[in-house]
Amino acid sequence: IRQAPVGPGKAERTVIFHEGGIPGFNTIIVRVPEGRQLVVLLNNTGDARLEAISDGILDILNERVPPAPRRSIAEELAATIASRGIEAAVKQYGALRQDHPDHFEVEESHLNALGYQLLAGGKVDAAIAIFRLNAEQFPDSWNVYDSLGEALAAAGQKEEAIKCYAKSLELNPENRGGAAALERLRKP
């Protein structure tokens, strides 16, 4: 539940929403009870920015022009990694965040997906760098430390992986996957 400007005059109204997904699919359901509006989006093209899309649909339903979509910073970084390498992408990330803070969408899930793409492609060091950026950007997220721990473990950096999984569990004691990974890493 969040308060958001919805309806004529952009009055603050209660917006009830739920998001979910699995690799390759994501969904969102958004309800504005006061306006009797419902938006349901089902996506099978990967990790689309459904919250931004649903906000745009609500704008249209309420006779407002939605803002132009912003490109995911992860897409920009992926292109740079492919053409110039991870070091250039890390520098670019800092420059884009400083010079164009409103130009790009910076979402935890997009950076995480890029990290896992790199990890699956055997680019472990690049994946670690992206997961570190994600942890710096979203330090209160248990998931970023879980992902970083996974990449560090894949790189054989056991002690650092243990620290990341411990941080993940500190933020979310219910993270069973992280707890199992931590237990495996701590075994002699």
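Residues numbered from 1 in each chain as written. Predicted model: local features only at pLDDT ≥ 70, side-chain atom pairs only at ≥ 80, totals over all residues. Heavy atoms only, no water.

### Digging into the overall build of the chain
Rules: Note on conventions: DSSP H or I runs of at least 4 residues are helices, E runs of at least 2 residues are strands, and numbering of each starts at the N terminus. Whether a residue is buried, partly exposed or exposed follows from its accessible area with a 1.4 Å probe, protein chains only, as a fraction of its type maximum: under 20%, in between, or over 50%, in that order. Contact criterion: two residues are considered in contact whenever any of their non-hydrogen atoms come within 4.5 Å of each other. For the area figures, the Shrake-Rupley method with a 1.4 Å probe applies, and any residue is considered shielded solely by the protein chains shown.
Across its full length, the chain carries eight helices and six strands. Relative to its 188 residues, the chain shows a buried fraction of 40%. Sequence-distant contacts, at least 24 apart, represent 39% of the contacts inside the chain between residues at least 6 apart. For the chain, the accessible surface area stands at approximately 11000 Å², while carbon and sulfur atoms represent 54% of it.

### Some words on the environment of R71
Within the element layout of this structure, R71 appears in strand β5 (residues 71-72). For R71, a relative accessible area of 38% translates into the label partly exposed. C-alpha of R71 to C-alpha of I28: the two residues are 43 residues apart in sequence and 20 Å apart in space. When near neighbours in sequence (up to four residues on either side) are disregarded, R71 contacts R49, E76, H103, F104 and E105.

### Here's the deal with the nonpolar core
This is how it is decided: Only buried residues count toward a nonpolar core, which is a set of Ala, Val, Leu, Ile, Met, Phe, Trp, Tyr and Cys residues joined through side-chain atoms within 4.5 Å.
Within the largest apolar cluster, 32 residues are counted, with the highest numbers of intra-cluster contacts made by L77 and I130. Listing elements by their share of this core, those giving two or more residues are α2 (73-84), α3 (86-99), α4 (108-120), α5 (124-137), α6 (142-154), α7 (158-171) and α8 (176-186). It is α5 that provides the largest number of residues to this core, a total of seven residues. The residues touching I130, leaving out its near neighbours within four places in the chain, are L77, I81, I86, L111, L114, G115 and L118.

### Digging into a nonpolar patch on the surface
This is how the line gets drawn: Two joining distances apply to patches: 9 Å for like charges and 5 Å for nonpolar side chains (Val, Leu, Ile, Met, Phe, Trp, Tyr), and every residue must have over 30% relative accessible area and no salt bridge. For this analysis, a salt bridge means a side-chain nitrogen from Lys or Arg found within 4 Å of a carboxyl oxygen belonging to Asp or Glu.
Taken together, the side chains of I29, L38, V40 and L42 define a hydrophobic patch exposed on the protein surface, amounting to about 400 Å² of accessible area. The element that contributes the greatest number of residues to the nonpolar patch is strand β4 (residues 37-43), accounting for three residues. Along the chain, the position of V40 falls in strand β4. Accessibility expressed as a relative area gives 45% for V40, which makes it partly exposed.

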